[in-house]
Amino acid sequence: TDIIMEQTDKDKQRQWQGHTGGGSFGQKALVIMLRIVPLRVIYGLLALVVPFYMLFAHKGYKAIYHYFRRHFGLSPIKAFGKTYKNHFIFGQVVIDRFAIFAGRKDDYRIEVENYDIFDALNRSAKGFVTVSAHIGNYEISGYMLQSDTKRLNALVYSSETEIVTENRTKLMGGNNIRLIPVRDDMSHIFEVSTALQNGDIISSVVDRINGSGKSLECHFLNGVADFPIGLFALATSFDAEVLAVFTLKVAANKYKTIIRRIDTVTETVLSKRQKIEKMTHSYISHIENILHQYPEQWFNFYEFWKQ
């Protein structure tokens, strides 16, 4: 049975507070390099670096290896190969982000599946919510896509370096996107509520607990994991539509954004908790569907599932 549960100390230890590696100096050097070196050369160097990264970042390597072994039933050799591919694609995703920071936005293309679903909500008077996960490169869609009708308010965690934060703010600000930092005092909830009342869009990744007090324990692939429910609770309170949005890398310079509608509940006989649970399960089903198509683009480099 799925239950809403308080977060335990053990759960907190299992979390991964992810941020872009390399430090400010390394990231600035990468931006400079990407201004003068062809992208395919950088990708080639990446292919040589990945084995060393897998060796020295062993926790992340083991988590992804277990993901392929336990949840896709792959043999040790195939799981190792998929783990290498996962790390290589993740490296490309990070490089692509910094390539855009270096002014190479026009080098990339992005296509959107089911844009009509987003467009209909974007042109309505009511605010709505988009949710994603650490799959593919959701952030790059904020650099390349723009809403002319509503402002998109993205919840972000303030663990990144100055160069990432500055470029992210600059690029997204130019696309009518406002970044709302998640704060320990929970004051960001008031900004999110105001944005929904004003008919705007709220966006966040909702596959990591990140200090949230409550979560929903769910069956996910071949295991059990906790998922945060705060954004679904907020959507329920405002009777707001929710979309699942995933942006996957499908070629060297091409991404594909896939939009899916989350099942919302209008039946008054159901409690708020039951509505939240149904929305969470709908979201998880979309994640599972995406991962069966793009299993190598799961980028949670820690033991995501409970033992």
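Refer to the preceding data block for the structure.
Computed from a predicted structure; not experimentally measured.

Engineer: Let's hear about the pairing of strand E6 (residues 201-205): which residues, and what values?
Structural biologist: For a regular strand, side-chain orientation follows a simple rule: the groups alternate between the two sheet faces. Of all five residues in E6, four are buried; the element is thus mostly enclosed. Pairing geometry for strand E3 (residues 128-132) and E6, over five bridges, is parallel. For Phe128, the partnering residue across the bridge sits in E6 and is Ile201.

Engineer: Break down the side chain of Asp200 for me, citing the residues and quoting the values.
Structural biologist: Structurally, the position occupied by Asp200 is in the loop between helix H9 (188-197) and E6. Notably, Asp200 is buried but unbridged: the nearest opposite-charge side chain belongs to Arg151, and the N-O separation is 5.8 Å. If sequence neighbours within four positions are ignored, Asp200 has contacts with Gly127, Phe128, Lys150, Arg151, Asn153 and Ala195.

Engineer: Report on helix H5 (residues 76-101), specifying residues and quantitative values.
Structural biologist: One turn of the α-helix equals 3.6 residues, which is why residues spaced by three or four share an orientation. With 26 residues, H5 should reach 38 Å at 1.5 Å per residue; the first-to-last C-alpha distance of 38 Å fits that figure. A positive backbone phi angle near 90° is found at Gly103, which sits one or two residues after H5.

Engineer: Go over the pattern of salt bridges with me, naming the residues and quoting the values.
Structural biologist: Tallied over the entire structure, the rule returns 16 salt bridges. Note that Glu139 and Arg97 form a salt bridge whose closest N and O atoms lie 3.2 Å from each other. Of the two residues, Glu139 sits in helix H7 (residues 138-144) while Arg97 sits in helix H5, which places them 42 residues apart along the sequence. Judged by its relative accessible area of 15%, Glu139 is buried. Using a relative accessible area of 13% as the deciding quantity, one classes Arg97 as buried. We note a salt bridge from Glu217 to Lys306, for which the minimum N-O separation is 2.7 Å.

Conventions adopted
Residues numbered from 1 in each chain as written. Predicted model: local features only at pLDDT ≥ 70, side-chain atom pairs only at ≥ 80, totals over all residues. Heavy atoms only, no water. Buried < 20%, exposed > 50% of the residue type's maximum accessible area, 1.4 Å probe, protein only. Helix = DSSP H or I, 4+ residues; strand = E, 2+ residues; numbered from the N terminus. Pairing = 2+ DSSP bridges. Lys, Arg positive; Asp, Glu negative; His and termini not counted. Salt bridge = Lys/Arg side-chain N within 4 Å of Asp/Glu carboxyl O. Contact = heavy atoms within 4.5 Å. Expected span 1.5 Å × (residues − 1).

That's the geometry; what it means functionally is another story.
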